[in-house]
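Residues per chain are reported as follows:
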Amino acid sequence: MEFKQKYYKSWQILKLFSISKATFYRWQNEWISKGYDPALMGKVILGPRIIMWDAEIFLNWLQEYKVQNKAQFDYEQRDKLIAIKTLERVSK
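Basis of the calculations
- Residues numbered from 1 in each chain as written.
- Predicted model: local features only at pLDDT ≥ 70, side-chain atom pairs only at ≥ 80, totals over all residues.
- Heavy atoms only, no water.
- Phe/Tyr/Trp six-rings, centres within 6.5 Å; stacked < 30°, edge-to-face > 60°.
- Buried < 20%, exposed > 50% of the residue type's maximum accessible area, 1.4 Å probe, protein only.
- Helix = DSSP H or I, 4+ residues; strand = E, 2+ residues; numbered from the N terminus.
- Pairing = 2+ DSSP bridges.
- Contact = heavy atoms within 4.5 Å.
- Axes fitted to C-alpha atoms, helices over the stretch in contact; angles between N-to-C directions.
- Core = buried A, V, L, I, M, F, W, Y, C linked by side-chain atoms within 4.5 Å.
- Parallel < 35°, antiparallel > 145°, perpendicular 65-115°, else oblique.
- Left-handed = near helix turned anticlockwise from the far one by under 90°.
- Nonpolar A, V, L, I, M, F, W, Y, C, P; charged D, E, K, R; others polar.

K.L.:
I tried to follow the packing of aromatic side chains on my own but got confused; where do I start?
P.N.:
Where two aromatic rings form a pair, the distance of their centres and the angle of their planes describe that pair. Tallied over the full model, the rule gives 13 aromatic pairs. Between Phe3 and Tyr8 the ring centres are 6.4 Å apart and the planes differ by 75°, which places this aromatic pair in the edge-to-face class. Note on Phe3: relative accessible area 17%, which makes it buried. Accessibility expressed as a relative area gives 8% for Tyr8, which makes it buried. Both rings, one in Trp31 and one in Tyr65, keep their centres 4.6 Å apart while their planes meet at 65°; by these two values the pair is edge-to-face. Here the residue Trp31 occupies a position in helix H2 (residues 21-33), and Tyr65 occupies one in helix H3 (residues 55-67), the gap between them amounting to 34 residues. By the ring-pair criterion, three or more aromatic residues cluster together here, those being Phe3, Tyr8, Phe17, Phe24, Tyr25, Trp27, Trp31, Tyr36, Trp53, Phe58, Trp61 and Tyr65.

This is the structure we're talking about:
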């Protein structure tokens, strides 16, 4: 998939990927709590209060860490299904 621009604001990523705000921020919090850098999700800090997202990196992160992740718990399975549906919508 090709994106129209390199970086998107958070609200634009939510709209582009059709993800709820709660899910998006929960994924970020889980990722950070595991000790990972949110830059690996596509988060880019361009200035003191300018946070943007690289849509291509976020798309790859979804594929690698949410879709291909083996779900042990119900909430992990739900997240996996959300990620799969998101990727299906984006690829259309």
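K.L.:
I would appreciate a short explanation of the sheet that holds strand E2 (residues 43-47) in the present structure.
P.N.:
Two strands in a sheet stick together by hydrogen bonds in their backbones, pointing the same way (parallel) or opposite ways (antiparallel). The three strands lie next to each other as E1-E3-E2, forming an open sheet whose pairing is antiparallel. Either end of the sheet is taken by a strand with one partner, and the two such strands are strand E1 (7-8) and E2. The strands that H3 touches are E1 and strand E3 (50-54); relative to E3, the one it contacts most, it runs at about 60°.

K.L.:
What's the story with the nonpolar core in this structure? I'm lost.
P.N.:
If you look at soluble globular proteins, the nonpolar side chains tend to sit buried side by side. Counting residues in hydrophobic clusters, the biggest one holds 20 residues, and the most contacted among them are Ile13, Phe17, Trp27, Phe58 and Leu62. Listing elements by their share of this core, those giving two or more residues are helix H1 (10-17), H2, H3 and helix H4 (74-91). The element contributing the most residues to this core is H3, with six residues. The contacts of Phe17, once residues within four sequence positions are left out, are Phe3, Ala55, Phe58, Leu59, Leu62, Thr86, Arg89 and Val90.

K.L.:
In this structure, what is going on with the packing of H1 against H3? I would like to understand it.
P.N.:
Any two packed helices are characterised by the angle at which their axes cross and by the distance between the axes. At a minimum axis distance of 12 Å, the contact between H1 and H3 shows a crossing angle of 55°. Classed by the angle they form, the pair H1 and H3 counts as oblique. The two elements H1 and H3 meet at a crossing, and its hand is right-handed. Along its contact with H1, which presents Ile13, Leu16 and Phe17, the element H3 presents Ala55, Phe58, Leu59 and Leu62. Its residues assigned to classes, the contact of H1 with H3 shows seven nonpolar, no polar and no charged.

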